[in-house]
Amino acid sequence: MMKSFRGGIHPNDSKSYTADKPVVTAPLPGKAIIPVQQHAGAPCAPIVAKGDLVKKGQLIATTDAFVSANVHASISGKVADIGEYPHPIFGTCTAIVIENDGQDEWVEGLPLKRDWQTLSADEVRKIIREAGIVGMGGATFPTHVKMAPPADKKIDVFILNAAECEPYLTADHRMMLEEGDRIVTGVKIMMKTLGVTKGIVGIEDNKKDSIEAMTKAFAGTGVDVVGLPTKYPQGAEKMLIAVLTGKEVPSGGLPMDVGAVVSNVGTAAAVCDAVTQGIPLIERVTTISGKAIKEPKNILVRVGTTFSDAIDFCGGFVSQPEKIILGGPMMGTAQSTIDLPIIKGTSGILAFAEGEANTGVESPCIRCGRCLDACPMGLNPSMLSILGERDLYHEAKEDYALLDCIECGSCVYTCPAKRNIVQYIKYCKAQSRAQSAAK
Ligand code: SF4
Ligand code: SF4
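Per chain, residue numbering runs from 1 following the sequence as it is written. Labels follow written order: the first chain is A, the first ligand is 1, and so on. Only residues with pLDDT of 70 or above have their local features reported here, since the model is predicted, and side-chain atom pairs are shown and tallied only from 80 upward, although totals for entire chains, interfaces and linings are computed over all residues. Excluding hydrogens and water, the side-chain values take into account all heavy atoms of the structure.

Participant: For this particular structure, what's the right way to read unusual backbone geometry?
Facilitator: Residues other than glycine predominantly adopt negative phi, and peptide bonds predominantly adopt the trans conformation. Residue proline 111 follows leucine 110 across a cis peptide bond; omega there is -10°. A cis geometry characterises the amide bond from tyrosine 232 onward to proline 233, with omega recorded as 0°. Secondary structure is summarised from DSSP: a helix means a run of H or I of at least four residues, a strand means a run of E of at least two, and numbering begins at the N terminus for each. Residue placement: proline 233 occurs in the loop between strand S11 (224-228) and helix H6 (237-245). The backbone phi angle of serine 14 is positive, close to 45°, even though this residue is not glycine. We note that glutamate 164 has phi near 40°; this positive angle belongs to a residue other than glycine. Topologically, glutamate 164 is positioned in the loop between strand S9 (157-161) and helix H3 (171-178).

What follows is the structure, given as C-alpha cells:
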C-alpha cells in the first residue's frame, strides 16, 4: 500500500455535482475585464490605450520583471477602459476592459503550427514566458520561472499534480478525461525543457476513470501514472512530493531543493497550446458548483469573463447563496460580490446554499488537540491561532514555525470551536513580512 503523509482530513468530496459533466464552452462575454496581475510576482503594465482595437491573443500588458506573467486579450474588440476594478485576490487591480466586437478574431499569425521537438530548452522557456503561463491550480506561479531552476539545483523528477484534492472541483478531472493528448504533450515539453527523464502523474484514487485515461494516454512515454490515497491535502506540493518520492521539502524550501518540479494539469495543456500553436493563456476550464447553483458545470471560459456571467451560464442561483468562494472550499477565498473577473488561476467558483459551508460562531480554543492531529505539517495550529489573536507574530514565527504553514485549512475543518485559525496565521505572516520589510 502506498505511503501517506501525516495528518490530513477526509472531507466529503462533493464532486458528484460536476464529475460526470463534460466541459462545455461558455459564451463569450460582452466585455472582458482583464487584470494586469493574475499571477504571483510583479504586476504587468498596460501597453494598450483606451480606444485601441485589439485581437484575441494580442499582448496587452507586460513587464521586464522575470517573476511575472504577460497578459493577453481574451477576446477581440475595443479597449473600453483601463482603470481600477475589483479583483478576486487583491481587492482591486488595474484592469483592461475590452468590449467584444463579436468577431473573436485572432491576432495576426495565430494560431501557428510548430514542432516542439525541434526547439531548444531556451526557446521553449521564452515561448512559455511570452504566453503568460502560470500555475493553474490556483497558485499562479509563472511557469517559465519553474522551467529555469538555478544551475545548482539539479532536477531529477517532474511531477504532474493531478490530485485535485479540493472538494467540489472537477476541472482537472474532466481535462484528464477529455484532453489527454494536450496534457501528455505539455508534460513531455516540460520534461525535455528541464532535462529530466523521470516523470510521475499523481491522481487521487477517487478519480478512477482519470487514472485509467491517463495510464492509457501516457503509455509508452516512460511517465508513471500513480493512484494516490484520497486524503486532503494530497495535492499540496510538499505532500505530493513526500508521497511520490519519499523526499521531504525542507522548512522554508522549495520542491527544487529536493530535485522536483511540480506542475498542474491545466498548466500542462496550456504549455502544449503555447509551444505547438503559439496560443497564450487566455482561457481555462473552471468548475462552477455548490448547492446554490442551478446547473453546476465545468466550463471552458475566457479570462475576464465575470463570475456573474459564468453563473448565469449555469442557470443562475436556485437560492440566495450564503457564501461565494473563489477556488475550493478548503483553500479558496470568500468573495463578497460576483462582479469579479475569472482570472488564470480560477479553478472554481462555488456558491454555497444555507448550511452548506463549514461555518459557525467562533469560540475560544478548548484544547481538544484535533487540529494538531489534522495538521499535515506537524504544526500546533491551536497555539498559532492564540498567538495571532494576541498579536504575538514574532513568537509564532520563531517558536511555532509559522512560515511552514501551507494554509491548507485542515485545522479549521476539524475545529469544534470554529476558530478562524488560517486567518490568524495569514495575519501573523503578513505582520511578520511587514516587520522584515521595515527592517
Ligand atoms: S496550521 Fe497550516 S498547515 Fe497546519 S492544518 Fe492549519 S492551515 Fe494546514
Ligand atoms: S481544534 Fe480548535 S478547539 Fe481544538 S485545540 Fe485546535 S484550535 Fe483548539
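Okay, back to it.
Participant: Explanation requested: the packing of H3 against helix H5 (residues 208-217) in the structure shown.
Facilitator: Packed helices, taken two at a time, are described by their axes: the angle between them and the distance between them. It is the contact of H3 with H5, at a shortest axis distance of 8 Å, that shows an interaxial angle of 40°. With respect to H5, the axis of H3 lies oblique. When the axes of H3 and H5 are compared, the crossing they make is left-handed. Seen from H3, the contacting residues are His173, Met176 and Leu177; seen from H5, they are Asp209, Ser210, Ala213 and Met214. To obtain each axis, a line is fitted to C-alpha atoms, and for helices this fit is confined to the stretch in contact; angles are then taken between N-to-C directions over 0 to 180 degrees. Between 65 and 115 degrees an angle is taken as roughly perpendicular, under 35 as roughly parallel, over 145 as roughly antiparallel, and anywhere else as oblique. Crossing handedness follows the turn of the near helix against the far one: under a right angle anticlockwise gives a left-handed crossing, and clockwise gives a right-handed one. Residue contacts are defined here by distance: any two heavy atoms, one from each residue, within 4.5 Å place the two residues in contact.

Participant: What is the right way to look at the pairing of strand S2 (residues 31-35) in this model?
Facilitator: Looking along a regular strand, one sees the side chains alternate between the two faces of the sheet. Burial here depends on accessible area, computed with a 1.4 Å probe over protein chains only, as a share of the maximum for the residue type. Under 20% is buried, over 50% is exposed, and the range in between is partly exposed. Most of S2 sits out of view: 4 of its 5 residues are buried. Here, strands pair whenever DSSP counts at least two bridges between them. Sheet topology note: the S2/strand S8 (residues 91-100) ladder contains 5 bridges and is antiparallel. Directly across from isoleucine 34, in S8, lies its bridge partner isoleucine 96.

Participant: What exactly am I supposed to notice about the site of ligand 2 here?
Facilitator: Note on definitions. A residue lies near a molecule or strand when any single heavy atom of the residue is within 4 Å of it. Within the structure, ligand 2 sits among Cys365, Ile366, Arg367, Cys368, Gly369, Cys371, Ser382, Cys415, Pro416, Ala417, Arg419 and Ile421. Residues of the shell around ligand 2, tallied by class, amount to 8 nonpolar, 2 polar and 2 charged. As a working rule, the residues Ala, Val, Leu, Ile, Met, Phe, Trp, Tyr, Cys and Pro are called nonpolar, Asp, Glu, Lys and Arg charged, and the rest polar, with Gly in that last group.

Participant: Looking at this structure, I do not really get the environment of glycine 138. What am I missing?
Facilitator: With respect to the helices and strands, the residue glycine 138 is situated in the loop between helix H1 (121-130) and helix H2 (143-146). Taking the relative accessible area as the measure of exposure, glycine 138 reaches 36% and is therefore partly exposed. Sequence separation between glycine 138 and methionine 331 is 193 residues, and the spatial gap between their C-alpha atoms is 9.3 Å.

Participant: Please explain the sheet that holds S2 as it appears in this structure.
Facilitator: Within a sheet, each strand pairs with its neighbour through backbone hydrogen bonds, oriented either parallel or antiparallel. Pairing within the open sheet is antiparallel, and its 4 strands lie in the order S2-S8-S7-S4. Across the chains shown, the open sheet's two edge strands, defined by having one partner strand only, are S2 and strand S4 (53-54). Relative to S8, strand S7 (residues 77-87) is paired through 10 bridges, and the arrangement is antiparallel. Opposite histidine 87, over in S8, you have glycine 91 as the bridge partner.

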